[in-house]
Amino acid sequence: MSEANKECSGHLSQRSLEAGGEVLVVDTSGTNAEDQAARDSMIVKIGATVPTGFEHTAAEEVKEKLCSESTISKDRGRIYFEINAKNLPQVHCLKSVDNLFVVVQEFSDYQFKDTKEETLQDFQLLPDKLPWSNPLEVWKINNALKKKRSWRKVVNKKSTPKENTKKAIAENCSEQTHFEKHSSADTVDKSAKKSEATAASDDHDHCDLPDGQEASKLLKFRVTCNRAGEKHNFTSNEAARDFGGAVQDYFLWKPDMTKFDIEVLLNIHDNEVVVAIALTEESLHKRNITHFGPTTLRSTLAYGMLRLCKPQPSDIIIDPMCGTGAIPLEGAMEWPCSYYVAGDNNELAINRTINNINHIHIKRQNKGSTACGLPIDTVQWDLCKLPIRTGSADIIVTDMPFGKRIGSRKKNWDLYPSCLKEMGRVCRPEMGKAVLLTQDKKCFAKTLSTMGHLWQKSHTVWVNVGGLHAAVYFLKRTSLSFNKITKEDNENKEPAEKTKIE
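An account of the accompanying structure is given in this report.

Here is what the cut-offs are and how they apply
Residues numbered from 1 in each chain as written. Predicted model: local features only at pLDDT ≥ 70, side-chain atom pairs only at ≥ 80, totals over all residues. Heavy atoms only, no water. Helix = DSSP H or I, 4+ residues; strand = E, 2+ residues; numbered from the N terminus. Buried < 20%, exposed > 50% of the residue type's maximum accessible area, 1.4 Å probe, protein only. Contact = heavy atoms within 4.5 Å. Areas by Shrake-Rupley, 256 points an atom, 1.4 Å probe, with all protein chains shown as cover. Phe/Tyr/Trp six-rings, centres within 6.5 Å; stacked < 30°, edge-to-face > 60°. Pairing = 2+ DSSP bridges. Axes fitted to C-alpha atoms, helices over the stretch in contact; angles between N-to-C directions. Core = buried A, V, L, I, M, F, W, Y, C linked by side-chain atoms within 4.5 Å. Parallel < 35°, antiparallel > 145°, perpendicular 65-115°, else oblique. Left-handed = near helix turned anticlockwise from the far one by under 90°. Nonpolar A, V, L, I, M, F, W, Y, C, P; charged D, E, K, R; others polar.

## Overview of the overall build of the chain
Per the secondary structure count, the chain includes 14 helices and 18 strands. Here the chain, with 502 residues, has 51% of them falling under the buried criterion. Taking as baseline every contact in the chain between residues at least 6 positions apart, the subset at least 24 positions apart corresponds to 78%. For the chain, the exposed surface amounts to about 24,400 Å²; the carbon and sulfur share of it is 50%.

Dropping the structure here:
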């Protein structure tokens, strides 16, 4: 985090006019009671990016935790909702959102001009027309709340939970070592045909402050344009360049593409234009996992899958292919009254899961928590022969092999039928549920069509996972007892064996 951002605990409204523009500087003085009261009554619109396909799930969480109705954007993966500025800390506690931003102004039907030159000219005139005051106040409040950008630590694949416990203790005793300064913008999903561009120039390295003003660092900024749509006569780079130059002229901020204090967003989807200020440096999905695997599931996606099945107290929830444990960890943090079993056939995956559990436990202890631990057990097992009693599990939630980085599409044709059958055995008849994520939709659909006696599909959520078009299937267990199915299978085998003998 830059020094200017650290000093933003002061008042942000101190401005002075210079060279025909508005210079926004950071003052380190405190806020008085009148300013605090004004902030507490400030209503602002917050935007959030969420896993595509789980927009309604995120809206439900916002309604439940913030008592605010959400609007789902035309652009998939975004929702908008209004809050009181004093409730901003609660927004950062949402589990289903990736990134947050405060809306400066939204244009639901922006009229683009016929020529590129005219459209870009409009972008240059736009900053003068926008209501910046409240969003900038929210940005200032947010500086004490946001998670700082950090780099993923490299972990030895062969390290065991015991070997990593001491490392985890050292890491949690000085959490600042996890954090680094700002890096490049987040990668934009190629499948959504979005492009990202950044506009900033290197001139005006030093802007003179007015006479008599306390020494304060001028804010550094950048503008990021996210655009989706085929009918635009300009590129994202051109929009970011012209709009960013106008923002610089208006505020006289210092441009910086990497070590910026404030990021202005220009989101364009067809005729919908939203100007906003980013409130997160790093995605909020990076919260539970410290030991990563080749296909680690995002925590926000894991939360969305768990929320679909609505866990209840005392439910037994199983993730038979846990990987790094993202799903059981998310469940244990959000629904701690349920019990979770995380299993995998790979020893490295089990070690990663245990290390992630230990990391959270140690982190809690360092914060003074007296909790005995997380309600999770880890087991190395054969997925097709689970060491679990028949009909004892309430919910099964798992990320199945896509057949790309792990396994293969060919192996899935053998794995999926055995997997669904074994899940049907351990899941409670009639009451049991399963939420399964896969990108191998053809294989899964074919397998499910042969498992109608065990599973009935409730609905499907189409999601985007790392640029791959995947699906989350919500299944309900039928009332048919698995023991009855086994008995019928045995009875059918006996005549077949007699026929072979004859």
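Further notes follow.
## Notes on the packing of aromatic side chains
Per the counting criterion, the structure on display carries 14 aromatic pairs. Between Phe112 and Phe234, the ring centres sit 5.5 Å apart and the planes meet at 45 degrees, which makes this aromatic pair tilted. Taken together, the residues span a long stretch of sequence, with Phe112 in the loop between β6 (99-107) and α5 (116-125) and Phe234 in the loop between β8 (220-228) and α8 (236-251) at a distance of 122 residues. Exposure class is identical for Phe112 and Phe234. Each is buried. Ring centres of Tyr416 and Phe444 lie 6.2 Å apart, and the angle between their planes is 75 degrees; on these two criteria the pair is classed as edge-to-face. Placement of Tyr416 in helix α12 (residues 409-426) and of Phe444 in helix α13 (residues 441-449) is noted, with a sequence separation of 28 residues between them. The class for Tyr416 is buried, based on a relative accessible area of 0%. Members of the aromatic cluster, joined through ring pairs, are Phe107, Tyr110, Phe112, Phe123 and Phe234.

## Structural notes on the sheet that holds strand β15 (residues 395-399)
Think of a sheet as strands paired side by side through backbone hydrogen bonds, with each pair either parallel or antiparallel. With mixed pairing, seven strands are arranged side by side in an open sheet as β14-β13-β12-β15-β16-β18-β17. Here the strands that pair on one side only, and so sit at the sheet edges, are β14 (376-380) and β17 (455-465). Neighbouring strand axes in the sheet, compared pairwise and without regard to direction, differ in orientation by 15 degrees on average. Direction of pairing for β17 relative to strand β18 (residues 468-477): antiparallel, over a ladder of ten bridges. Looking across to β18, one finds that Lys457 is bridged to Leu475.

## A look at the nonpolar core
Ranked by size, the top nonpolar core spans 52 residues in total, and within it Ile46, Phe81, Phe123, Trp132 and Phe243 carry the most contacts. With sequence-adjacent residues up to four places away left out, Phe123 is seen in contact with Tyr110, Phe112, Phe234, Ala239, Phe243, Ala246 and Ile268. Counting residues in each nonpolar core, the second largest holds 34 residues, with Tyr303, Met305, Ile327 and Ala470 among its members.

## Here we look at the side chain of Glu61
You can see Glu61 is positioned in helix α3 (residues 55-66). Glu61 gets classed as buried once you look at its relative accessible area, which sits at 0%. Contacts of Glu61, omitting those with residues within four sequence positions, involve Leu66, Leu94, Lys95, Ser96, Tyr303 and Arg307.

## Considerations on the packing of α12 against α13
Contact pair α12 / α13: the axes reach a minimum separation of 9 Å and the direction vectors enclose 45 degrees. Taken together, α12 and α13 sit at an angle that is classed as oblique. At the point where α12 passes α13, the crossing takes the right-handed sense. The segment α12 lies against α13, with Asn412, Trp413, Tyr416, Pro417 and Leu420 engaging Lys442, Cys443, Phe444, Lys446, Thr447 and Leu448. Residue classes in the contact of α12 with α13 are distributed as seven nonpolar, two polar and two charged.

## Comments concerning unusual backbone geometry
With a phi close to 55 degrees, Cys67 is a non-glycine residue in the positive phi region. Residue position: Cys67 is located in the loop between α3 and β4 (70-72). Its relative accessible area of 66% is what places Cys67 among the exposed residues. One non-glycine residue with positive phi stands out, namely Asp270, at about 55 degrees. Structurally, the position occupied by Asp270 is in the loop between β10 (262-269) and β11 (272-278). Look at Asp270 and you get partly exposed, because its relative accessible area is 40%.

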